[in-house]
Amino acid sequence: NAGVTQTPKFRILKIGQSMTLQCTQDMNHNYMYWYRQDPGMGLKLIYYSVGAGITDKGEVPNGYNVSRSTTEDFPLRLELAAPSQTSVYFCASSWPGNQPQHFGDGTRLSIL
Amino acid sequence: GIQVEQSPPDLILQEGANSTLRCNFSDSVNNLQWFHQNPWGQLINLFYIPSGTKQNGRLSATTVATERYSLLYISSSQTTDSGVYFCAVDDYKLSFGAGTTVTVRA
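Described below are features of the structure shown in this document. (Residues numbered from 1 in each chain as written. Chains lettered and ligands numbered in written order. Predicted model: local features only at pLDDT ≥ 70, side-chain atom pairs only at ≥ 80, totals over all residues. Heavy atoms only, no water.)

**Notes on the overall build of chain B**
- From N to C terminus, chain B includes zero helices and 11 strands.
- Going from N to C terminus, chain B has its helices and strands arranged as β-β-β-β-β-β-β-β-β-β-β.
- Computed over its C-alpha atoms, the radius of gyration of chain B comes to 13 Å, within 12% of the 13 Å expected for a compact globule of 106 residues.
- If one aligns the C-alpha atoms of chain B with their principal axes, the spans along those axes are about 40 × 25 × 20 Å.
- Burial statistics for chain B: of 106 residues in total, 49% are counted as buried.
- Long-range contacts, defined here as pairs at least 24 residues apart, represent 54% of the contacts in chain B between residues at least 6 apart.
- Split by element, the accessible area of chain B, about 5,000 Å² in all, is 46% carbon and sulfur.
- Taken together, the 6 basic and 8 acidic charged side chains of chain B have centroids lying 3 Å from each other. (Helix = DSSP H or I, 4+ residues; strand = E, 2+ residues; numbered from the N terminus. Rg over C-alpha atoms; globule rule 2.2 N^0.38 Å. Buried < 20%, exposed > 50% of the residue type's maximum accessible area, 1.4 Å probe, protein only. Contact = heavy atoms within 4.5 Å. Areas by Shrake-Rupley, 256 points an atom, 1.4 Å probe, with all protein chains shown as cover. Lys, Arg positive; Asp, Glu negative; His and termini not counted. Charge placed at Lys NZ, Arg CZ, Asp CG, Glu CD.)

Given below as structure tokens:
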């Protein structure tokens, strides 16, 4: 049982480049989330989705886009990478309501 | 949004010692989770505990929702307990505290 899988694990981008961080889960969870973690800090919610075709903004959505075409996949898109987006990105999933969230191993992204 | 404060920010323990980590939150919550982030950066679910007490091996947690705090107890600490412990609250949109960095020395 793979759980939540994120790819890539590491990436270096140049300012202005774009990329997509992939997230897939095999637990049939309806809810999925993207968080970012800056050095020495807790995680902050970027976007979340309560089901296929439904997405909403979290605390820090600027500079990111998401889509949810299937239950399993929740990609995060950076259109114009900026140094402020250097961070570790975590994807998570859960059952509906107040249920435990399960996290992927993270994607470490550096923008130079 | 809900404010989450964790204390202490840093904790250094000798192997075998016991410790208590605290999480205070500013409003009533429907969800509270404790996570351990290991030195490799992985986030591990420890407890889902919006109220009451739970135990898992050497770890236990208590949440007193009416007084807006939760405690994580580590007993007989081991070097593998090192890492950052996060408390996260709210409904399905979790708000994380800044964490407690625990270092267990052999």
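**Here's the deal with the sheet that holds strand β1 (residues 4–7) of chain B**
Residues and elements named next belong to chain B.
- In spatial order, the strands read β1-β3-β8-β7-β6; together these five strands make up an open sheet with antiparallel pairing. Of all strands in the sheet, those with a lone pairing partner are β1 and β6 (52–56), marking the two edges. Each adjacent strand pair in this sheet contributes to an overall mean axis angle of 15 degrees, direction not counted.
- Of the strand pairs in this sheet, β1 and strand β3 (residues 19–25) are connected by four bridges, and their pairing is antiparallel. Looking at the pairing, E5 lines up with N24 of β3. (Pairing = 2+ DSSP bridges. Axes fitted to C-alpha atoms, helices over the stretch in contact; angles between N-to-C directions.)

**Here we look at the interface of chain B and chain A**
- Taken together, the 19 residues of chain B in the interface contact 20 residues of chain A.
- Where chain B abuts chain A, roughly 1,600 Å² becomes buried across the two surfaces, and 56% of that area is made up of carbon and sulfur atoms.
- In this structure, the connection of chain B to chain A is made through zero salt bridges.
- For the interface between chain B and chain A, the tally reads four residue pairs in polar contact (both at pLDDT 80 or more). (Buried area = accessible area lost by both parts, 1.4 Å probe. Salt bridge = Lys/Arg side-chain N within 4 Å of Asp/Glu carboxyl O. Polar contact = N/O pair within 3.5 Å; in protein donor to acceptor, adjacent residues only side chain to side chain.)

**Thoughts on the pairing of β6 of chain B**
All names here are of chain B.
- The element β6 is largely exposed, with a buried count of zero among its five residues.
- By the bridge criterion, five bridges tie β6 to strand β7 (residues 59–64) in an arrangement that is antiparallel. Within β7, the residue paired with G52 across the bridge is T63.
- In textbook terms, the turn of a hairpin is the stretch between consecutive antiparallel strands, and for β6 and β7 this stretch comprises two residues, one of which, G57, has a positive phi near 65 degrees.

**Overview of the nonpolar core**
- Residues L21, W34, L72 and V89 of chain B are the most contacted members of the largest nonpolar core, which totals 22 residues.
- Taken together, the elements giving at least two residues each to this core come down to β2 (10–14), β3, β4 (32–37), β5 (43–48), β7, β8 (69–74), β9 (83–89) and β11 (100–105) of chain B.
- Leave out the neighbours within four places in its chain, and L72 of chain B touches S19, T20, L21, W34, L46, F47, S60, A61 and Y85 of chain B.
- Listed in part, the 19 residues of the second largest apolar core include V4, L21, A81 and C91 of chain A. (Core = buried A, V, L, I, M, F, W, Y, C linked by side-chain atoms within 4.5 Å.)

**A look at the packing of aromatic side chains**
- Summed over all chains, the structure comprises nine aromatic pairs over all chains.
- Within the aromatic cluster, the residues linked to one another by ring pairs are Y33, Y35, F90 and F103 of chain A together with F35, F86 and F96 of chain B.
- Across from the ring centre of F74 of chain A, 6.0 Å away, lies the NZ or CZ of R68 of chain A, which sits over that ring.
- The ring centre of Y69 of chain B lies 4.2 Å from the NZ or CZ of R22 of chain B, which sits over that ring. (Phe/Tyr/Trp six-rings, centres within 6.5 Å; stacked < 30°, edge-to-face > 60°. Lys NZ or Arg CZ within 6 Å of the ring centre and 35° of its normal.)

**Considering the state of the cysteines**
Residues and elements named next belong to chain A.
- Counted by the stated rule, this structure contains two disulfides over all chains.
- Between the sulfur of C23 and that of C91 lies a disulfide, 1.9 Å long from S to S. Because the torsion about its S-S bond is -70 degrees, the bridge between C23 and C91 counts as left-handed. Residue C23 is found in strand β3 (residues 19–25), and its partner C91 is found in strand β9 (residues 87–94); the two are separated by 68 residues along the sequence. (Disulfide = S-S within 2.5 Å.)

**A word on the pattern of salt bridges**
All names here are of chain A.
- Throughout the structure, instances matching the rule amount to four salt bridges over all chains.
- One salt bridge in this structure joins D38 and R36, with 2.8 Å as the shortest N-O distance.
- Its relative accessible area of 26% is what places D38 among the partly exposed residues.
- Of the charged contacts in the structure, one is a salt bridge between R77 and E79, with a shortest N-O distance of 3.3 Å.
- The partly exposed category is assigned to R77, whose relative accessible area is 29%.
- According to the relative accessible area criterion, E79 is partly exposed, its value standing at 38%.

From the geometry alone we can't say anything about function, so treat these as descriptive.
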